[in-house]
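Listed below, chain by chain, are the residues.
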Amino acid sequence: MATAAIFSSLRRRRSPSLEAFLAPVDLTQVALLQTLAAVSSELISFFSDKPFFFQRRNSRSLIRKMEIFLVMLEYLRESGSRSMPSLPSTAVLCFKELYLLLYRSKILLDYCAQSSKLWLLLQNHSISGHFHDLNQEISTLLDVFPINDVGLSDDVREQVELLQKHARKAKLYVDKSDENLRLRFFSFLNEFDNGRIPNHVDLRLFFVERLGIRDAKSCRSEIEFLEEQIVNHEGDIEPTACVLNGFVAITRYSRFLLFGFEEDEVQLPSRKQKKPRKGLITREIADTFITIPKDICCPISLDLMRDPVIISTGQTYDRSSIVRWLEEGHCTCPKTGQMLIHTRLVPNRALRNLIMQWCTAHSVPYDPPEAADAPAESFAEALPIKAATEANRATTTLLVQHLANGSQGAQAIAAREIRLLAKTGKKNRAFIAEAGAIPHLCKLLSSSNPVAQENSVTAMLNLSIYDKNKSLIMDEDGCLRSIVEVLRLGLTTEARENAAATLFSLSAVHDYKKRIADQGGAIEALAGLLRVGTPRGKKDAVTALFNLSTHSDNYARMIEVGAVTALVGALGNEGVAEEAAGALALIVRQPIGAEAVGKEEMVVAGLITMMRCGTARGKENAVAALLELCRSGGAAATERVLKAPALAGLLQTLLFTGTKRARRKAASLARVFQRCENASLHFGGLGVGYAFAGNSTPPNRDPRFADDVSMPMSISVQVL
């Protein structure tokens, strides 16, 4: 698609500033000229002294055009103050169009002034095309502008006519030296792709001498900018996201090779939201116009979906976003949190047709990808190119060397970079472990440096998502003990929370649940974090406790150290109540657990409240916990549950509106009560037979337990 078409048709979200910018539509002619002159003057003064590293000639040419417009506007404004006749209607329309051209010129110049050098280099052709398109539109405006009818002086008219002549003759200009530099960057990608590491001297010449990237901090800024473009990537630009990943990997390798590990960079990661950076120039302009309906936006990227696909939970996402999610190692639905039964992606053709209709109606280009119906597996495999993998592998070698032998500051930086590398892709997580990072990260867990400790435990968390790394972490001498120590006594809140999340990730392996619970202080610390942690810390703690509660040998320990009390208390916290109820439902299956839970005064009231106000899964877990409490807790526990106010109505509601599992549990609980003395006074009208329809009981099995099923939980590990 031509760039001009992109400028004119990609008009989507409305920018708050645009309302003010389009205000001249209702101004008088004098006010319109004054406003245009003021905007032109501000644009020229702001950008005239800007040091454009790339697109210098195109930028200066555009600014010179604005200067000539300003001369004309100033003359007409001064003439208007001397009671000059009204401007022709054609001239007024041209000036209103000029207002939009000024705005778009400001966006383009600002983009060139603020974007990273590497990004501008990679977009060299595209951005040159945007300058050419603006020139073409200026030429069109001047062709229809009534120069003879607006009363210009001879010298001003001569300047405008000269501008008109030059605009007509102007051609697309791409700086040859910039283009050669861009090709050199691609040659590094090609070397890594062929299994060769580029020469140290060549990398220094490119990054330091030619691009002026002279320290680790500026190199890191370049990396962050490229990474943001990958996140914002829509699939309609070049280079593609997988190629950009390769350039990020090369730049990261060059950063450590050329600039080493500067200790003054060491700091704790800020939780404050980053200031938004410049995205795609087409989007920057487009985002000032039409609002996209939420129904056709991807829940992950929040952008218009190009290739909507349905996953196993029934939710729809843009293919590129959900594939990236799966490639990062997640196995849950991003929107609902449910575990994915499979990773097949089914094209949502009905929604795609609606998107095409909406795009047509709003003049937004929509080009469905040719391989839209390709299977998810093949698409995902294409994401990480070999060059990115090889560059990341070379970077990992440097990082592990500094983890082993570097200064304290260098170790902290190396741990942070390993943490970032391990955020995405199982290949990265695999070769980081293969390079021997885990033993060195384990030692850093005991560091007195809060930055080093936090980054090392978070790196351990990200590495643990890859299943093969779980055994390496658990088998490393003292590693589990160190993770628990960080959980108990970590130097930062983030470190303690991420230690809890690491235990949750490791406890996904059944054989490790008992080992974690037996590690001194682990369950106590999780219970403490659940009681007094931040919302995120409580979530990490409750998910870890839930996993540990799936191993019956851990119940005694959990009861002994107060974890059951903490879980009961968590029933009143909306953010963690669902998982807490699920853990209690498992614990009360054993008599020892039922006895401990039954002694908690608020447990029944908390579960009843969840049945009334909780999520669908929370209600399911709550009724399951009450049922198991009655089965294993004896007559006293059953009586406590039976006397709970409003339980009859809540059960009846669940029988008709709950999930399939909740209906089974509700029916079983009603049946238990019906067997009790005087139960019919309370539950005579529940219609238990309805809920049991179709539920068969296997032979030689106690019919009371006909509805027992494993408790499905959909909790994923977040990379940090």
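Residues numbered from 1 in each chain as written. Predicted model: local features only at pLDDT ≥ 70, side-chain atom pairs only at ≥ 80, totals over all residues. Heavy atoms only, no water.

1. Observations concerning the pattern of salt bridges
Phase 1: All told, the structure shown has 31 salt bridges when counted by the stated rule.
Phase 2: In this structure, Glu-494 and Arg-419 form a salt bridge, with 3.9 Å as the shortest nitrogen-oxygen distance. In this pair, Glu-494 is assigned in helix 24 (residues 493-506) and Arg-419 in helix 18 (residues 408-421), connecting sequence segments 75 residues apart.
Phase 3: For Glu-494, a relative accessible area of 12% translates into the label buried.
Phase 4: Looking at Arg-419, the relative accessible area reads 8%, which means it is buried.
Phase 5: Put simply, Asp-475 and Arg-515 hold a salt bridge, and the shortest N to O gap is 3.9 Å. Of this pair, Asp-475 sits in helix 22 (residues 467-475) while Arg-515 sits in helix 25 (residues 510-518), and the two are 40 residues apart along the sequence.
Phase 6: Overall, the relative accessible area of 55% leaves Asp-475 in the exposed class.
Phase 7: Residue class for Arg-515 comes out partly exposed when judged on its relative accessible area of 36%. (Salt bridge = Lys/Arg side-chain N within 4 Å of Asp/Glu carboxyl O. Helix = DSSP H or I, 4+ residues; strand = E, 2+ residues; numbered from the N terminus. Buried < 20%, exposed > 50% of the residue type's maximum accessible area, 1.4 Å probe, protein only.)

2. A word on the packing of helix 30 (residues 577-587) against helix 32 (residues 603-613)
Phase 1: Close contact between helix 30 and helix 32 brings their axes to 11 Å; oriented N to C, the two are set at 125 degrees. Judged by the inter-axis angle, helix 30 sits oblique to helix 32. As for how helix 30 packs across helix 32, the hand of that crossing is left-handed. Contacts from Ala-577, Glu-578, Ala-581 and Leu-584 in helix 30 reach Val-603, Leu-607 and Met-610 in helix 32.
Phase 2: Here the contact of helix 30 with helix 32 is composed, by residue class, of six nonpolar, no polar and one charged. (Axes fitted to C-alpha atoms, helices over the stretch in contact; angles between N-to-C directions. Parallel < 35°, antiparallel > 145°, perpendicular 65-115°, else oblique. Left-handed = near helix turned anticlockwise from the far one by under 90°. Contact = heavy atoms within 4.5 Å. Nonpolar A, V, L, I, M, F, W, Y, C, P; charged D, E, K, R; others polar.)

3. Let's talk about the nonpolar core
Phase 1: Among the nonpolar cores identified, the biggest contains 190 residues, and Phe-95, Phe-185, Leu-567 and Met-611 are the most heavily contacted of them.
Phase 2: Each residue touching Met-611, except ones within four places of it in the same chain, is listed here: Lys-619, Ala-622, Val-623, Leu-626, Leu-647, Leu-650, Leu-651 and Leu-654.
Phase 3: Core analysis: the next-biggest nonpolar cluster, separate from the first, contains 20 residues, Ile-322, Cys-333, Ile-355 and Trp-358 among them. (Core = buried A, V, L, I, M, F, W, Y, C linked by side-chain atoms within 4.5 Å.)

4. Considerations on helix 11 (residues 216-231)
Phase 1: Over its 16 residues, helix 11 extends 23 Å from the first C-alpha to the last, a length consistent with the 22 Å expected when each residue adds 1.5 Å.
Phase 2: Within the span of helix 11, buried status applies to Ala-216, Cys-219, Arg-220, Glu-222, Ile-223, Glu-224, Phe-225, Leu-226, Gln-229 and Ile-230.
Phase 3: Check the buried side of helix 11 and you find it contacts helix 5 (89-114), helix 6 (117-122), helix 12 (241-259), helix 14 (319-327) and helix 18.
Phase 4: Where helix 11 starts, the residue carrying a side-chain oxygen 3.3 Å from the main-chain nitrogen of Lys-217 turns out to be Asp-215. (Expected span 1.5 Å × (residues − 1). Polar contact = N/O pair within 3.5 Å; in protein donor to acceptor, adjacent residues only side chain to side chain.)

5. Re the packing of aromatic side chains
Ring pairs (aromatic) are described by centroid distance and by the angle formed between their planes.
Phase 1: Taken as a whole and judged by the stated rule, the model has 11 aromatic pairs.
Phase 2: Ring plane angle 80 degrees and centroid distance 5.0 Å describe the contact between Phe-53 and Phe-54, whose orientation is recorded as edge-to-face.
Phase 3: Since its relative accessible area comes to 29%, Phe-53 is described here as partly exposed.
Phase 4: When its relative accessible area of 2% is taken as the criterion, Phe-54 is described as buried.
Phase 5: Ring geometry for Phe-95 and Phe-145: centres 5.4 Å apart, planes at 65 degrees, overall edge-to-face. In this pair, Phe-95 sits in helix 5 while Phe-145 sits in the loop between helix 7 (124-144) and helix 8 (154-169), placing the two residues 50 residues apart along the sequence. One exposure class covers both Phe-95 and Phe-145, and it is buried.
Phase 6: Three or more aromatic residues link up through ring pairs in this structure, and these residues are Phe-185, Phe-186, Phe-188, Phe-206, Phe-207 and Phe-247.
Phase 7: Sitting over the ring of Phe-53, Lys-117 keeps its end group 4.3 Å from the ring centre. (Phe/Tyr/Trp six-rings, centres within 6.5 Å; stacked < 30°, edge-to-face > 60°. Lys NZ or Arg CZ within 6 Å of the ring centre and 35° of its normal.)

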